[in-house]
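Chain by chain, the residues run as shown.
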Amino acid sequence: MHKKRVLSCIQPTGEIHIGNYFGAVRNWVTIQDQYSCVYGVVDLHAMTMPYSSKELRQNTLNMFADLIAAGLDPEKSILFIQSMVPQHTELTWIFSCVTSFGELSRMTQFKDKSDLLESGGKNAFISAGLFTYPVLQAADILIYKADFVPVGKDQEQHLELSRNIAVRFNNQFGDYFPEPKPLYTEVPKLMSLADPEKKMSKSLGDKHYIGLFEKEESIRKKVKSAVTDTGGQTGEAMSPGVSNLFAIIRACEKMKEYNALMQDYEKGILKYKDLKEVTADALVDLTGPLRKRREELRRDPEQIMQLVVRSSEKARDFAEKTLNDVRGLTGLIV
Ligand code: TRP
């Protein structure tokens, strides 16, 4: 049977944390057998905000290796680095001619990011790249004729734009691109350990998140100092810090421990020390094997480079076929 195609991408922004893992990457790993999957590390998107050229290259290669350590399999799925498939940028130009200035102006992520840059002072530089970012994203998706895109809420608007671009292209040049649909899965929303009212994010600082490949000692330390509450409030709603630890245990699929602790909580006899110990154990169990695989990969940068080259080549072959069709359909010389 012909498998439906899934595409998703991640920016090479340093380390993956458990929020990213449970929110996206774990799902990418699980659906590899069910769908024909294409996953990318989008370094060109990372250039739309101020960045360091020295770090970008290393972050991109590290992200590629970390995705493999986390369970993406280059034998099953196509993994690529965006800049190594230059067809994406060519398609971006063609798509930018079927995208209106008005619809790009309505993108809330552009507004948020340009506000953020402007809040930094009068000399804020807001690039045209930041503005056309969603057109490049549409090219990422449509160049592989993806049926589904696993996305979080924050990317819904961009995916909708990709669908509009596909429809407009098809109306103008003939039916060619499928309309990519969102693939929703149930994901836990993990909060910061130190400030559990906020979503877990690296930008809050080191004590707020747990890296997917963090050392055992450091995981235990962070969980131990996680913010909870003073305890003993039966009948009241569970405090965000406590609820976050429960969410982590559940995400790690330790349901027996989860249920036992929840019973204690309901009886008002839960000791947060126990809750934290189970949370830390669950995380250590889950991340230990991934960390080991990552250490092995990091020891062999040549092997990673080979995987990058081979895998991006597969993506390029695919993308070039699409682009050839597109050049013909749009009146360019083929
Ligand atoms: N904009 C996405 C993000 O910041 C990353 C991305 C780029 C993407 N191209 C994509 C996601 C294509 C899904 C499909 O998370």
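Here, residues in each chain are numbered from 1, in the same order as that chain's written sequence. The predicted nature of this model means local features are confined to residues of pLDDT at least 70 and side-chain atom pairs, given and counted, to a pLDDT of 80 or more, with totals for whole chains, interfaces and linings taken over all residues. As a rule here, side-chain values cover all heavy atoms of the structure and leave hydrogens and water aside.

Draft legend 1. Representation of the overall build of the protein. Runs of H or I in DSSP of at least four residues are treated as helices and runs of E of at least two as strands, each being numbered from the N terminus. Regarding its fold elements, the protein presents 13 helices and five strands. Relative to the compact-globule value of 20 Å for 334 residues, the protein shows a C-alpha radius of gyration of 22 Å, a close match. Principal-axis analysis of the C-alpha atoms gives the protein an extent of 75 × 45 × 40 Å. When a residue's accessible area, from a 1.4 Å probe over protein chains only, is under 20% of the maximum for its type it is buried; when over 50% it is exposed; and in between it is partly exposed. Counting over 334 residues, the protein shows a buried share of 47%. Restricting to contacts in the protein with at least 6 residues of sequence separation, those with at least 24 account for 76%. To be clear on the numbers: accessible area is Shrake-Rupley with a 1.4 Å probe, and residue cover counts the displayed protein chains and nothing else. For the protein, the exposed surface amounts to about 17300 Å²; the carbon and sulfur share of it is 52%. Both definitions apply: the radius of gyration is a C-alpha atom measure, and the globule rule equals 2.2 Å times residues to the power 0.38. What makes two residues a contact is simply this: any of their non-hydrogen atoms within 4.5 Å.

Draft legend 2. Quick peek at the site of the ligand. Residues in contact with the ligand, as listed here, are Leu7, Ser8, Cys9, Gln11, Val42, His45, Tyr133, Gln137, Asp140, Ile141, Val149 and Gln155. The contact in question runs from a nitrogen atom of the ligand to an N or O atom on the side chain of Tyr133, over 2.7 Å. Two N or O atoms form a polar contact when they lie within 3.5 Å of each other; inside protein one atom must be a possible hydrogen donor and the other a possible acceptor, and for residues adjacent in sequence the pair counts only when both atoms belong to side chains. Between the ligand and Gln137 there is a distance of 2.9 Å, counted from a nitrogen atom to a side-chain nitrogen or oxygen. Contact with the protein chains covers 88% of the free accessible surface of the ligand, which is 360 Å². At the level of elements, β1 (5-10) and α7 (128-142) are the ones that each hand at least two residues to the shell around the ligand. It is α7 that provides the largest number of residues to the shell around the ligand, a total of four residues. Residues are counted as near a molecule or strand when any one of their heavy atoms sits within 4 Å of it.

Draft legend 3. Fine view of the state of the cysteines. In this description, a disulfide is simply a cysteine sulfur pair whose atoms lie within 2.5 Å. All chains considered together, the criterion is met by zero disulfides. Distance from the sulfur of Cys37, which forms no disulfide, to the nearest cysteine sulfur (Cys9) is 12 Å.

Draft legend 4. Spotlight on the pairing of strand β2 (residues 36-41). Most of β2 is tucked away: five of the six residues are buried. With six bridges connecting them, β1 and β2 associate as parallel partners. Bridging across to β2, Cys9 finds its partner in Gly40. Bridge count between β2 and strand β3 (residues 78-81): four bridges; the pairing is parallel. Along β3, the bridge assignment pairs Val41 with Ile81. Strands are labelled as partners when DSSP assigns at least two bridges between them.

Shape descriptors only; they carry no functional weight alone.
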